[in-house]
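Residues per chain, in single letters:
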Amino acid sequence: MACASLWAASYTGVVTWDRARPAREGAAELTVMTYNVNFGVAGDASTLEAIAAGDADVVLLQETHTAWERAMRARLGGMYPHMRFGAPESMPAGGLAVLSRWPFELTHVSPSDGGFFYAWRVVLHTPRGDVQALNLHLRPQVSDGGSLLVGRFTTGPNRLRELTRHRATLAGELPTIVAGDFNEDERGDAVRSLTEAGMRSALAEFAPGAMTWRWLVGPFTVRQRFDHVVYDPARFECLHARVSPAGASDHLPVIARLRWRAPR
C-alpha cells in the first residue's frame, strides 16, 4: 500500500537485532510479539508477512475480526498451530487474538470502561512451564465528547482503571507478560503502574526512542509509542526488543526476546 510504504520510509525509530539468536535449549527462551493489525486492512499481505518474519513463539494481536482470522489461518496456520480469535459485536476494532506455537487456555475476558475494548488473560503451556499473558487494548486518547486534544490530557485515569481491573485476573505465582496496545507511552498512568510494581518494559531497555504508531496528517506523520511488552524480571531477563518497520497497520509490531532466569 502507498500509505504503508510512506510510513515505513519516513519511520526512523527502528532498532535492529544486533546479535545472532543463540540456539535454544528446550524452551529456555520465549519470543513475544504484540501487534495491533488495524481492523480496516484485513488480509493485507505485508501485515501477514510482518507477523511471519517476527518468528515469535507467541503473538498477541489487537483489532482482529472474522476477515483477519480467515487470512491468518490460511497464511500462518502452519507456523502457529494454536490460535484463538474473538471480537465484541459492538466494537469493530475491539477484537483480540493469540497465535502460539504451544497450547494455551483463555482463562479470563476482562471488560474495559465505556464499551471500548477488553483484555484476555491466557495461560501458555510451554515446555518450560506455564506462563500467563495479558493481551490488552486500552482506551484511546479520545474524550467522551470525541476530542483528541481533550482526550490526550484526560483519559489516563481511564486506562489505569482498565489495567487495574485486567491485572486482577492474574495469578501471582506464574511468570507474567503484559502486552498490547496501551494507547500511551511509559509516562502514562497504566504503563507506569506496572513499572512501579516492579515489572519492566522491554522497549524501554533496548529501544527507548522507537515509536510504534504512526498516522499521516496531511504532509506530516504523527508518531507515538503506544505498544509495549512488559514482563516480570524475577522470572525473565530480556535479551533484546525491537520495533519492526513493517505491515500496513498504523501500528508496528513490537518483538521482545525473553529468557527464563535460572531458579534461585
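Criteria and cut-off values
- Residues numbered from 1 in each chain as written.
- Predicted model: local features only at pLDDT ≥ 70, side-chain atom pairs only at ≥ 80, totals over all residues.
- Heavy atoms only, no water.
- Axes fitted to C-alpha atoms, helices over the stretch in contact; angles between N-to-C directions.
- Helix = DSSP H or I, 4+ residues; strand = E, 2+ residues; numbered from the N terminus.
- Parallel < 35°, antiparallel > 145°, perpendicular 65-115°, else oblique.
- Left-handed = near helix turned anticlockwise from the far one by under 90°.
- Contact = heavy atoms within 4.5 Å.
- Buried < 20%, exposed > 50% of the residue type's maximum accessible area, 1.4 Å probe, protein only.
- pLDDT = per-residue confidence, 0-100.
- Pairing = 2+ DSSP bridges.
- Phe/Tyr/Trp six-rings, centres within 6.5 Å; stacked < 30°, edge-to-face > 60°.

> Can you tell me about the packing of helix α2 (residues 45-54) against helix α3 (residues 66-76), naming the residues and giving the values?
At a closest axis distance of 11 Å, the pairing of α2 and α3 adopts a crossing angle of 50 degrees. Relative to α3, α2 is oriented oblique. Relative to α3, the crossing made by α2 is right-handed. For the pair formed by α2 and α3, the contact residues are Thr47, Leu48, Glu49, Ile51 and Ala52 on the first element and Trp68, Ala71, Met72, Arg75 and Leu76 on the second.

> Which residues make up unusual backbone geometry, and what values do they have?
The phi angle at aspartate 55 is positive, at roughly 50 degrees, despite the residue not being glycine. Summarising the element assignment, aspartate 55 is placed in the loop between α2 and β2 (58-62). Here glutamate 63, not a glycine, exhibits a phi torsion of approximately 65 degrees, which is positive. Inspection of the secondary structure puts glutamate 63 in the loop between β2 and α3. For glutamate 63, a relative accessible area of 10% puts it in the buried group.

> Give a detailed account of the confidence of the model for the protein, specifying residues and quantitative values.
Overall, the prediction assigns the protein a mean pLDDT of 85, with 82% of residues at 70 or greater. Contacts of residues 1-25 to residues separated by more than four positions or lying in other chains number 56 contacts, the stretch itself having pLDDT below 50.

> So what's going on with the sheet that holds strand β1 (residues 29-36)? Residues and values would help.
Across a sheet, strands are paired by hydrogen bonds formed along the backbone, either parallel or antiparallel in direction. Pairing in this open sheet of 6 strands is mixed, and the strands run β3-β4-β2-β1-β14-β13 from one edge to the other. One side of each edge strand has no neighbouring strand; the edge strands of this open sheet are β3 (82-86) and β13 (236-243). With direction set aside, neighbouring strand axes in the sheet form an average angle of 15 degrees. With 6 bridges joining them, β1 and strand β14 (residues 254-260) adopt antiparallel strand pairing. Across the sheet, glutamate 29 pairs through a bridge with arginine 259, a residue of β14. Against the sheet, α2 touches β1, β2, β4 (96-100), β13 and β14, its axis set at about 165 degrees to β1.

> How would you summarise the packing of aromatic side chains if you had to cite specific residues and measurements?
One pass over the full model with this rule turns up 3 aromatic pairs. Put simply, the rings of Trp213, Trp215 and Phe226 pair up and form one aromatic cluster.

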